[in-house]
Amino acid sequence: MSLTERIILVSNRGPVQYGRENGERTTNRGAGGLVTALSGLSSQLQDGVWVCAAMSDEDVVVARESPEGLCPPELGHDDLRVRLVALDPAAQDDFYTVIANPLLWFIQHHLYDLKTGPNITRREIEAFESGYAAVNRRFAEVVVEEVNKAGGDATVMLHDYHFYLLPAEVRRQCPDVVLHHFVHIPWPDPDAWRVLPPPMRDALFRGLLGNDVIGFHTEGYARNFLLGCQELLHLPVDLSAMEVVIDGRVVRARWYPISIDPEAFEAMAESPEVLDQERELAARRRDHLLLRVDRTDPSKNIVRGFMAYDLLLQDHPELAERITFLALLQPSRQDVPEYAAYVERIQTIVDDVNRKHGTGDWHPIELHLKDDLDLAVAAYKQFDVLMVNAMFDGMNLVAKESILVNRRDGVLALSENTGAHEELGAFAVTLHPFDIQQQADAIHEALTMPVEERRGRRDACVKVVQQNDVAKWLQMQLADISRAAAE
Ligand code: F6P
């Protein structure tokens, strides 16, 4: 089959989210890096349907009104249908807040302190079956319906850790369909999966192996996946071809670093809203602006970042009143208890550092706990150093977006455990996420680096981001899908 035929995209969070204000329906763009990347992808699809979960109450109303989906004018593509899937609320809650986040997310980002968690009890086993598996089955039904509508000739592109069981279910019902899955988060070594009971982890691996091609951000994640197939499932794996065989079928593990649309992002950086925010920021900034922009996710290592800043101020009293650490943090997954507790820890350490070092009207840390894209982009343009100290992060698009539009020869201080470090690490100052002193020293090095060196590093980063853009990410995947289909 060729790629001009029907493409079925599947992700948990869709490109739009509906709401209701003063009796009127509102439409907002869906949040998160995945939606940003897939929006670029959707503009290149000629005939596609994007299947995603109804998340808000109004999404559920829309799903009931338009069970076949609708083309939201906001997306600007007349032939891209968005099909919202309404789910049983209890199943959706177990799927998202018990299994996907935290269990799978925590395993894949190494977030467990194994002395204390995870504790797999009947609650988790039941949530896996009646939440995660049930939601995957419901999505599989919808995908199969869409494949049948296309006369069986369709390419299914699945996204992320929410749908590991779905591919095998679709494969069972549509053996000839082409299935491609992109995993947006790290894939850890086989032992990390041993915290799950064997039936659960086997089901996850076997589910994912329903695909023809499985994409990751880096070669290391792809290799870890194949090693898991070998060690946990005892399947024959070829690490030079990066393939595994299951039930006589070849499944390919590939890597494609996700990226952004540089032109569109540059245009956004010049929008009137961003320019307003930038003027305001430039007027009140001090000599040095250290910036971080993150969801309040424990994997982002926000608390250790503030501990490193505390050390920096202690070691370098000459920075007093001359620096601000602007932390733009979007509250995330607040219905998952670990995430709510993490926000409290963030607030506590910010208060401590400000109390300890602050003087007069100088607040060493300026914390914004809200989602404000215009302010984030204005700050991208103004930073001297951007801190990305994630413990583990699949890619980290903030690093790519921010360096592209920065106007002050800013330096990336980038964790070695991000996918982005593979592409940009040579031009960044590397951070070791658990070594707080090293982070403090590295931030100081970045702040005091001669301007020519900063400029050279930034120019090199920009070139990488422009060359490896989101269009390339998509083309590489489509080429592999064509190859798999031809075979
Ligand atoms: O790939 C991880 C991801 O799905 C990103 O798209 C996004 O940054 C984040 O997780 C969003 O998470 P949630 O949909 O739970 O808000």
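Residues numbered from 1 in each chain as written. Predicted model: local features only at pLDDT ≥ 70, side-chain atom pairs only at ≥ 80, totals over all residues. Heavy atoms only, no water.

### Quick word on the environment of Leu226
Stage number 1. Here Leu226 is to be found in helix H7 (residues 219-233).
Stage number 2. In this structure the C-alpha to C-alpha distance between Leu226 and Asp238, which are twelve residues apart in sequence, comes to 8.3 Å.
Stage number 3. The contacts of Leu226, once residues within four sequence positions are left out, are Val237, Leu239, Met242, Glu243, Val244 and Ala253. (Helix = DSSP H or I, 4+ residues; strand = E, 2+ residues; numbered from the N terminus. Contact = heavy atoms within 4.5 Å.)

### Description of the pattern of salt bridges
Stage number 1. Considering all chains together, one arrives at 40 salt bridges under this definition.
Stage number 2. The salt bridge partner of Lys149 is Glu146, with a shortest N-O separation of 3.0 Å. Of this pair, Lys149 and Glu146 both sit in helix H4 (residues 122-149), three residues apart, which is roughly one turn of that helix.
Stage number 3. Its relative accessible area of 41% is what places Lys149 among the partly exposed residues.
Stage number 4. Among the residues examined, Glu146 registers a relative accessible area of 0% and is labelled buried.
Stage number 5. Beyond isolated ion pairs, a larger network of salt bridges with shared partners links Arg6, Glu68, Arg81, Arg83, Glu145, Glu146 and Lys149. (Salt bridge = Lys/Arg side-chain N within 4 Å of Asp/Glu carboxyl O. Buried < 20%, exposed > 50% of the residue type's maximum accessible area, 1.4 Å probe, protein only.)

### Let's talk about the confidence of the model for the chain
Stage number 1. Scored by pLDDT, the chain has a mean of 95; 96% of the residues are at 70 or more.
Stage number 2. For the chain, the element scoring lowest by mean pLDDT is helix H1 (residues 33-42), at 68; strand S15 (residues 385-388) scores highest, at 99. (pLDDT = per-residue confidence, 0-100.)

### A short note on the sheet that holds strand S14 (residues 365-369)
Stage number 1. Spatial strand order, S14-S13-S12-S15-S16-S17: six strands in an open sheet with parallel pairing. In this open sheet, the two strands that pair with only one neighbour each are S14 and strand S17 (429-431). On average, each strand axis in the sheet is inclined to that of its neighbour by 20°, with strand direction left out of account.
Stage number 2. By the bridge criterion, eight bridges tie strand S12 (residues 288-295) to strand S13 (residues 323-330) in an arrangement that is parallel. Its bridge partner lying in S13, Val293 is registered against Leu328. (Pairing = 2+ DSSP bridges. Axes fitted to C-alpha atoms, helices over the stretch in contact; angles between N-to-C directions.)

### Regarding the domain arrangement of the chain
Stage number 1. As far as domains go, the chain holds domain 1 (6-258 + 471-486) and domain 2 (262-468).
Stage number 2. In this complex, domain 1 contributes 21 residues to the contact, which on the side of domain 2 involves 22 residues.
Stage number 3. Interface area, domain 1 with domain 2, both sides summed: about 1700 Å², of which 65% is carbon and sulfur.
Stage number 4. In this assembly, domain 1 and domain 2 are joined by zero salt bridges.
Stage number 5. Counting across the domain 1 and domain 2 interface gives eight residue pairs in polar contact (both at pLDDT 80 or more).
Stage number 6. Those elements that provide at least two residues to the side of domain 1 that touches domain 2 are helix H3 (89-108) and H7. (Domains from an automatic or database assignment. Buried area = accessible area lost by both parts, 1.4 Å probe. Polar contact = N/O pair within 3.5 Å; in protein donor to acceptor, adjacent residues only side chain to side chain.)

### A look at the packing of aromatic side chains
Two measures describe an aromatic ring pair: the distance that separates the ring centres and the angle between the ring planes.
Stage number 1. Under the counting rule described, the total for this entry stands at 20 aromatic pairs.
Stage number 2. On the numbers, 6.2 Å between centres and 35° between planes, the contact of Phe95 with Phe163 is tilted. In this pair, Phe95 sits in helix H3 while Phe163 sits in the loop between strand S6 (154-159) and helix H5 (166-173), placing the two residues 68 residues apart along the sequence.
Stage number 3. For Phe95, a relative accessible area of 1% gives the class buried.
Stage number 4. The exposure class of Phe163 is buried, given its relative accessible area of 0%.
Stage number 5. Ring pairs connect the aromatic residues Tyr164, Trp187, Trp193, Phe205, Phe216 and Phe225, which therefore count as one cluster.
Stage number 6. Note that Arg25 overlies the ring of Tyr18, its terminal NZ or CZ placed 5.9 Å from the centroid. (Phe/Tyr/Trp six-rings, centres within 6.5 Å; stacked < 30°, edge-to-face > 60°. Lys NZ or Arg CZ within 6 Å of the ring centre and 35° of its normal.)

### Focus on unusual backbone geometry
Stage number 1. Here the amide bond leading from Asn101 into Pro102 is cis, since omega sits at 20°, within 30 degrees of zero.
Stage number 2. Along the chain, Pro102 turns up in helix H3.
Stage number 3. Pro118 follows Gly117 through a cis peptide bond whose omega is 0°.
Stage number 4. Its location among the elements puts Pro118 in the loop between H3 and H4.
Stage number 5. Unlike most non-glycine residues, Met242 shows phi in positive territory, near 55°.
Stage number 6. Following the sequence through the fold, Met242 ends up in the loop between strand S9 (237-238) and strand S10 (243-246).
Stage number 7. The phi dihedral of Asp409 is positive, around 50°, even though this residue is not glycine.
Stage number 8. Tracing the backbone through its elements, the reader meets Asp409 in the loop between helix H13 (397-405) and strand S16 (411-415).

### Quick look at the side chain of Lys400
Stage number 1. For Lys400, the position within the fold is in helix H13.
Stage number 2. Residue Lys400 is classed as buried on the basis of its relative accessible area of 1%.
Stage number 3. Among the polar contacts made by the side chain of Lys400, one reaches the side chain of Glu423 at a distance of 2.8 Å.
Stage number 4. With residues near it in sequence (within four places) discarded, Lys400 still touches Pro257, Ile258, Ser259, Ile260, Met395, Glu423, Leu424 and Val465.

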